[in-house]
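Breakdown of the fold
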Amino acid sequence: MLSIETISQRLADAKGKRERLISTLNRHTAALEKKEREFEKTYKLKPELCSEESLRGNDKAFWDFYSIKSKNSDILSVNKRIQEAEERIQALQAELRSAEAQQAFMENQIPDVIKDFFVRWKEDSISFFSNRYEQYQDFVQELRTKELAARKEAVRTLPAYSQYAERVDRMSDYDLHNVFPRKPMEDFLKSLNLDYRSISEAKSSFTGPIVSEMCKYNDPEQRRAFLERTMDREMRSKMLDLAQRIGEKVGRITDAAGLHVQNGEIAGVIYGENGSATIQTIGAGGYNIQRFHFRTLVHELEQYQAHDQGEQPEQEEDGDEMEM
């Protein structure tokens, strides 16, 4: 969900648009009334009783009537846009109420230990994606270097490019990308996974959606602001999701003193009006990961008590797991 500030700004913009449309409607209405008065005064006819067919043969009356008809169409169009603006305002107001309710819930119902954990998650995620972006720049440069080296190798070794061989070391990047015929070069690059499609797939696999979006910002401050917004939105979403999952197990939280954060992971027992549950997060990672995330397990405490007595709980059915 968008932030309260963003929704409020969009709501203000929507209301401003509605007011401008109402002003436009008033201008069109005044212009229509003037045209109708002039038409009735000039031709002794009421426009609403006329038709284009009845006025054929009188060009001036015909085009004056057509102007009135056109102005009516303008009014219908503006009324439709006002209705759309009203619907937009209502939707944004509902979204704002939901965001404010979520904000109040996070401030009043979610324990500080969970909030602190997710704040740290956000900071770690920002650091992760910032580093991933820098790694991607190096990765792209490495691919570019390999591709140019492969193009030179193709020119040196393929008979189809013998006319270029003597000057290959003096050829610019543009020249290397525009040798003829093209087919032998394309086949050579494809055999090394350095053709356009292979490189595009390698880039996409490396970046993931967030880093890919970061690459659209040339300004470092705008890029950082985008990452901050994205991670803040995800932090709030994941925090609410976890709180909801806990609530499904224990009801309204009454005691979170048993929760603690250690080595970047949250664990412990939480108590609510309807029972208690254990919470445990497990960091997930690996080679070439595109997201910094956790698996979070929420189990009703009775499962673990049964487990201590020798029974085996079925975690897939009784436990609750989420990716973070």
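From a predicted model like this one, the values you see are computed outputs, not experimental measurements. (Residues numbered from 1 in each chain as written. Predicted model: local features only at pLDDT ≥ 70, side-chain atom pairs only at ≥ 80, totals over all residues. Heavy atoms only, no water.)

1. Focus: the layout of surface pockets
Rolled over the atoms, a probe as big as a water molecule pinpoints where empty space is left. Of the pockets and cavities examined, the largest pocket occupies roughly 370 Å³. In terms of lining, the largest pocket is formed by 19 residues, of which the most central are Glu147, Arg151, His177, Tyr196 and Ile199. Breaking the lining of the largest pocket down by element, the ones donating at least two residues are helix H3 (112-157), helix H5 (182-191) and helix H6 (196-214). In terms of residue count, H3 provides more of the lining of the largest pocket than any other element does, 6 residues in total. (1 Å grid on protein atoms, 1.4 Å probe; cavity = no way out; pocket = protein on both sides within 12 Å on 5 of 7 lines; lining within 4 Å. Points joined across faces, edges and corners; volume = space filled by probe spheres on them. Helix = DSSP H or I, 4+ residues; strand = E, 2+ residues; numbered from the N terminus.)

2. Concerning the packing of H6 against helix H7 (residues 220-250)
Where H6 contacts H7, the two axes come as close as 9 Å, and the packing angle between them is 140°. Classified by the interaxial angle, the pair formed by H6 and H7 is oblique. Of the residues in H7, those in contact with Ile210, Glu213 and Met214 of H6 are Arg223, Phe226, Leu227, Thr230, Met231 and Glu234. Residues that form the contact of H6 with H7 fall into these classes: 5 nonpolar, 1 polar and 3 charged. (Axes fitted to C-alpha atoms, helices over the stretch in contact; angles between N-to-C directions. Parallel < 35°, antiparallel > 145°, perpendicular 65-115°, else oblique. Contact = heavy atoms within 4.5 Å. Nonpolar A, V, L, I, M, F, W, Y, C, P; charged D, E, K, R; others polar.)

3. Brief notes about the side chain of Asp195
By secondary structure assignment, the location of Asp195 is in the loop between H5 and H6. Among buried charged residues, Asp195 stands out as having no salt bridge; its nearest opposite-charge side chain is Lys190, 6.0 Å away. Leaving out residues up to four positions away in the same chain, Asp195 has contacts with Glu186, Leu189 and Lys190. (Buried < 20%, exposed > 50% of the residue type's maximum accessible area, 1.4 Å probe, protein only. Lys, Arg positive; Asp, Glu negative; His and termini not counted. Salt bridge = Lys/Arg side-chain N within 4 Å of Asp/Glu carboxyl O.)

4. Some words on the environment of Leu176
For Leu176, the location among the structural elements is in helix H4 (residues 173-176). Here Leu176 falls in the buried class, since its relative accessible area comes to 0%. Sequence-wise, Leu176 and Tyr164 are 12 residues apart; in three dimensions their C-alpha atoms are separated by 9.6 Å.

5. Here we look at the packing of H3 against H7
Pairs of packed helices are described in terms of their axes, by the angle between the two and the distance that separates them. Contact geometry of H3 with H7 gives a least axis separation of 9 Å together with a crossing angle of 145°. Between H3 and H7 lies a crossing whose hand is right-handed. Of the residues in H7, those touching H3 at Ile114, Lys115, Phe118, Val119, Trp121, Lys122, Ser125, Ile126, Phe129, Ser130 and Tyr133 are Arg223, Arg224, Leu227, Glu228, Met231, Asp232, Glu234, Met235, Lys238, Met239, Leu242 and Ile246. Considering only residue class, the contact of H3 with H7 consists of 13 nonpolar, 2 polar and 8 charged. (Left-handed = near helix turned anticlockwise from the far one by under 90°.)

6. Quick notes on the nonpolar core
Judged by nonpolar contacts, the single largest core of 37 residues is most densely connected at Ile114, Phe129, Met214, Ile246, Leu259 and Ile270. Looking at this core, the elements with two or more residues in it are H3, H6, H7, strand S3 (265-272) and strand S4 (275-284). Residue contributions to this core peak at 12 residues, all from H3. In contact with Met214, other than residues within four places in its own chain, are Phe129, Ser130, Tyr133, Arg223, Phe226 and Leu227. Core analysis: the next-biggest nonpolar cluster, separate from the first, contains 15 residues, Leu21, Leu32, Cys50 and Leu55 among them. (Core = buried A, V, L, I, M, F, W, Y, C linked by side-chain atoms within 4.5 Å.)

7. Some words on the pattern of salt bridges
Scanning all chains against the criterion turns up 21 salt bridges. A salt bridge links Arg56 to Glu53, with the nearest nitrogen and oxygen atoms 3.2 Å apart. Owing to a relative accessible area of 60%, Glu53 belongs among the exposed residues under this scheme. Residue Asp232 is joined to Lys122 by a salt bridge in which the shortest nitrogen-to-oxygen separation is 3.3 Å. Placement of the pair is Asp232 in helix H7 and Lys122 in helix H3, with a sequence separation of 110 residues. Each of the two residues, Asp232 as well as Lys122, counts as buried. When salt bridges with common partners are traced through the structure, they connect Lys122, Arg224, Glu228, Asp232 and Arg236 into a single cluster.

8. Remarks on the environment of Lys69
Summarising the element assignment, Lys69 is placed in helix H2 (residues 59-108). Residues Lys69 and Leu32, spaced 37 residues apart in sequence, show a C-alpha to C-alpha distance of 9.1 Å. A polar side-chain atom of Lys69 sits 3.1 Å from a polar atom in the side chain of Glu52. (Polar contact = N/O pair within 3.5 Å; in protein donor to acceptor, adjacent residues only side chain to side chain.)

9. Regarding a positive patch on the surface
A contiguous patch of positive charge on the surface is contributed by Arg10, Lys17, Arg20, Arg81, Arg88, Arg229 and Arg233. For the positive patch, the elements supplying multiple residues, two or more each, are helix H1 (4-43), H2 and H7. Here the element with the most residues in the positive patch is H1; it accounts for 3 residues. Structurally, the position occupied by Arg229 is in helix H7. The class of Arg229 is partly exposed, set by a relative accessible area of 44%. (Patch = residues over 30% accessible without salt bridge, like charges linked within 9 Å, V, L, I, M, F, W, Y side chains within 5 Å. Areas by Shrake-Rupley, 256 points an atom, 1.4 Å probe, with all protein chains shown as cover. Charge placed at Lys NZ, Arg CZ, Asp CG, Glu CD.)

10. Observations concerning the packing of aromatic side chains
Taken as a whole and judged by the stated rule, the model has 10 aromatic pairs. Centroid distance Phe117 to Phe118: 5.3 Å. Interplanar angle 80°. Geometry classified as edge-to-face. Across the pair, exposure class does not vary: Phe117 and Phe118 are buried alike. Measuring from centroid to centroid gives 5.1 Å for Phe128 and Phe129, while their planes differ by 80°, and the two rings are edge-to-face. (Phe/Tyr/Trp six-rings, centres within 6.5 Å; stacked < 30°, edge-to-face > 60°.)

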